Amino acid sequence: MAKLILFNKPFGVLPQFTDRDSETKRATLSDFIDVPGVYPAGRLDRDSEGLMILTDDGKLQARIAEPKYKMPKTYLAQVEGEIAEESLSLLRQGIELKDGITRPAEAEWIAEPNLWPRDPPIRVRKSIPDSWIRLTISEGRNRQVRRMTAAAGHPTLRLVRWNIGEWSLEGLSPGEWRTMD
């Protein structure tokens, strides 16, 4: 039976088990998870938070991480500025990035979600409002969501991955994990 772990990766944690290339110690998955033989199915940038899946099953790992399988990933993104329908429409139809046009995304404005406080908090500028969107993509380019929102005119301030396929972050606080049966 394959091991499957859902982990709520905190801000600032590297999405890997070791940090060999840094002169200063940075937090890694090994600071939170001590389960032999599991590996991340995909990545989540150090400055992003939320759901990571770890498994010991190589085929499952590929199905989750490989863009060709088009597994949907849903993010809650706090973006700079009041997002307009035109910007959401750009995200929905696919947006031009340096490495090509993205696949169409599901994008909608949402009320500020009830999330844990981020440590450290995002930078707040009194003269520039922010808003929240829910964005579901079916590919996984490097820093894709951040690049998409910036290309739509709304740089990402905070990014939380909430779902990967059928798996959800629901009920997990930052740094917590649970196994799935």
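Residues numbered from 1 in each chain as written. Predicted model: local features only at pLDDT ≥ 70, side-chain atom pairs only at ≥ 80, totals over all residues. Heavy atoms only, no water.

1. Notes on the environment of R134
Relative to the assigned elements, R134 resides in strand β8 (residues 130-137). In this structure, the C-alpha to C-alpha distance between R134 and S30, residues 104 residues apart in sequence, is 30 Å. With residues up to four places along the chain from it excluded, the contact list for R134 reads T74, Y75, L76, E106, A107, E108 and I110. Among the polar contacts listed, one links the side chain of R134 to the side chain of E108, at a separation of 2.5 Å. (Helix = DSSP H or I, 4+ residues; strand = E, 2+ residues; numbered from the N terminus. Contact = heavy atoms within 4.5 Å. Polar contact = N/O pair within 3.5 Å; in protein donor to acceptor, adjacent residues only side chain to side chain.)

2. Focus: the environment of Y69
Here Y69 lies in the loop between α1 (58-65) and β4 (73-80). Using a relative accessible area of 44% as the deciding quantity, one classes Y69 as partly exposed. For Y69 and R147, which are 78 residues apart along the polypeptide, the C-alpha to C-alpha distance reads 22 Å. (Buried < 20%, exposed > 50% of the residue type's maximum accessible area, 1.4 Å probe, protein only.)

3. Side note on the nonpolar core
Within the largest apolar cluster, 26 residues are counted, with the highest numbers of intra-cluster contacts made by L54, L91, I133, L135, I137 and M148. Elements with a minimum of two residues in this core: β1 (4-9), β3 (49-55), β4, α2 (85-93), β8 and α3 (144-151). Ignoring sequence-local partners within four residues, the contact set of L54 consists of K3, L4, I5, F7, F17, L29, I33, V38, Y39, P40 and A41. Membership of the second largest hydrophobic core comes to 19 residues, among which are I53, L60, I64 and M71. (Core = buried A, V, L, I, M, F, W, Y, C linked by side-chain atoms within 4.5 Å.)

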